[in-house]
Amino acid sequence: MSNKMKGILCIMLSAFSWAVMGILVRLSGDVPSFQKSVFRNLVAVVAAGGYLLFSHTKVKLKKGDMPWLILRSIAGTIGLLGNFYALDRMMVADANMLNKLSPFFTVIVSVFLLKEALKIPQILCIITAFVGTLFVIKPGMTAMPMGPALVAVLGGAGAGTAYSIVRYLQKRGIPGPFIVFFFSMFSCVVVLPWVIPHYKHMEGWQLGYLLLAGCFASVGQFAITAAYRFAPAREISIYDYSQIIFSTLLGILFLNQVPDGWSFLGYGIIITASVAMFLYNGRRAKGKPEA
């Protein structure tokens, strides 16, 4: 099996794991999003910490690394909380689709953080993607409140910003598992002051769902890390959108959630823009003409 095929399988395993996580978060019931995030991240802390310990990964922070780690963790926490909030209040497939705007925010943030030039085709793809979000959100067309949809988009922005900073940190030589560990620990510590006084009692089955969600999230994180070791992002990143297929099927199966025609149209527009961006970035990376 070629490294590219291994990368594709790993990224699809990651997409499936994230989709299952979303279903489990929704099935865990009426638990505050902050509280859900703590249990999800505790599993990630143990998984990433265990990997660092048993792999004997050496981490040497240089001057200036810590502010970026903190900024990545703040952005990632916003992305996580935004996604959890939306998962509880929207159709799972819609919430995950809006979270998949993160690659477009990554491109935007990279302009400022990594000094990467933003070309006209990329601008057109970004505009097209945001047009697609209107069909998913359907402002004024349905009874769905705008708040959760806007929070989902904010979550995508947070995730996209976090991914840009991860790229920057990895260029500075910081191992990916340590970035995951630092973010997960930071997120737990930040939300605990709110969770402790507002803690809501959970039944055993709710705790079980959240711990399972954390397990699947950890599998997703390690699988996507492995994917990009096998093949560069420009060759396989588009397969991450298989999460929408998994989320839709799992939502129908376990939650009886069937997206309407406008949502499917929005999915198509966003995925089309993503494919166009994927192909364009691949051509640029290979040194082909940009137009």
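Refer to the structure presented above.
From a predicted model like this one, the values you see are computed outputs, not experimental measurements. (Residues numbered from 1 in each chain as written. Predicted model: local features only at pLDDT ≥ 70, side-chain atom pairs only at ≥ 80, totals over all residues. Heavy atoms only, no water.)

A. Layout of the overall build of the protein. Counting its regular elements, the protein contains 12 helices and 0 strands. What you see in the protein, going N to C, is helices and strands ordered as α-α-α-α-α-α-α-α-α-α-α-α. Since a compact globule built from 291 residues should have a radius of gyration of about 19 Å, the 19 Å found for the protein is in line with a globular shape. By principal-axis analysis of the C-alpha atoms, the protein measures approximately 60 × 50 × 40 Å. Counting over 291 residues, the protein shows a buried share of 49%. For the protein, contacts bridging at least 24 residues in sequence account for 87% of all contacts bridging at least 6. As displayed, the protein has an accessible area near 13,800 Å², and 71% of this comes from carbon and sulfur atoms. Distance between charge centres in the protein, computed from 25 positive and 10 negative side chains, equals 11 Å. (Helix = DSSP H or I, 4+ residues; strand = E, 2+ residues; numbered from the N terminus. Rg over C-alpha atoms; globule rule 2.2 N^0.38 Å. Buried < 20%, exposed > 50% of the residue type's maximum accessible area, 1.4 Å probe, protein only. Contact = heavy atoms within 4.5 Å. Areas by Shrake-Rupley, 256 points an atom, 1.4 Å probe, with all protein chains shown as cover. Lys, Arg positive; Asp, Glu negative; His and termini not counted. Charge placed at Lys NZ, Arg CZ, Asp CG, Glu CD.)

B. Quick peek at the pattern of salt bridges. Throughout the structure, instances matching the rule amount to 4 salt bridges. Arg172 serves as the salt-bridge partner of Asp65, at 2.4 Å between the closest nitrogen and oxygen. Within this pair, whereas Asp65 is found in helix H3 (residues 65-89), its partner Arg172 is found in the loop between helix H7 (146-171) and helix H8 (176-195), the two being separated by 107 residues in sequence. Two residues, Asp240 and Lys100, come together in a salt bridge whose shortest N-O distance is 2.7 Å. Taken together, the residues span a long stretch of sequence, with Asp240 in the loop between helix H10 (233-236) and helix H11 (242-255) and Lys100 in the loop between helix H4 (92-99) and helix H5 (102-113) at a distance of 140 residues. Looking at Asp240, the relative accessible area reads 14%, which means it is buried. Since its relative accessible area comes to 8%, Lys100 is described here as buried. (Salt bridge = Lys/Arg side-chain N within 4 Å of Asp/Glu carboxyl O.)

C. Expanded view of empty space enclosed by the protein. Throughout the structure, instances matching the rule amount to 1 cavity of 30 Å³ or more. For the largest cavity, the calculated volume is near 30 Å³. What lines the largest cavity is Gly176, Pro177, Val180, Gln221, Phe222 and Thr225. Elements that contribute at least two residues to the lining of the largest cavity include exactly H8 and helix H9 (204-230). Its residues placed into classes, the lining of the largest cavity shows 3 nonpolar, 3 polar and no charged. (1 Å grid on protein atoms, 1.4 Å probe; cavity = no way out; pocket = protein on both sides within 12 Å on 5 of 7 lines; lining within 4 Å. Points joined across faces, edges and corners; volume = space filled by probe spheres on them. Nonpolar A, V, L, I, M, F, W, Y, C, P; charged D, E, K, R; others polar.)

D. Representation of unusual backbone geometry. Positive phi, normally seen in glycine, also occurs at His56, with a value near 55°. Residue placement: His56 occurs in the loop between helix H2 (33-54) and H3. You will see that Asn256, though not glycine, has its phi angle at about 55°, which is positive. With respect to the helices and strands, Asn256 occurs in the loop between H11 and helix H12 (261-285).

E. Broad picture of a nonpolar patch on the surface. A surface patch of nonpolar side chains, about 470 Å² in accessible area, is lined by Leu61, Met66, Ile70, Ile74, Ile78 and Leu154. With 4 residues, the top contributor of residues to the nonpolar patch is H3. With respect to the helices and strands, the residue Ile78 is situated in helix H3. Under the relative-accessibility criterion, Ile78 is labelled partly exposed at 39%. (Patch = residues over 30% accessible without salt bridge, like charges linked within 9 Å, V, L, I, M, F, W, Y side chains within 5 Å.)

F. Representation of the nonpolar core within the structure. With 42 residues, the main nonpolar core has Met21, Met90, Met97, Leu98, Leu101 and Phe104 as its most contacted residues. Counting residues in hydrophobic clusters, the runner-up holds 11 residues, among them Leu52, Leu113, Leu169 and Phe178. (Core = buried A, V, L, I, M, F, W, Y, C linked by side-chain atoms within 4.5 Å.)

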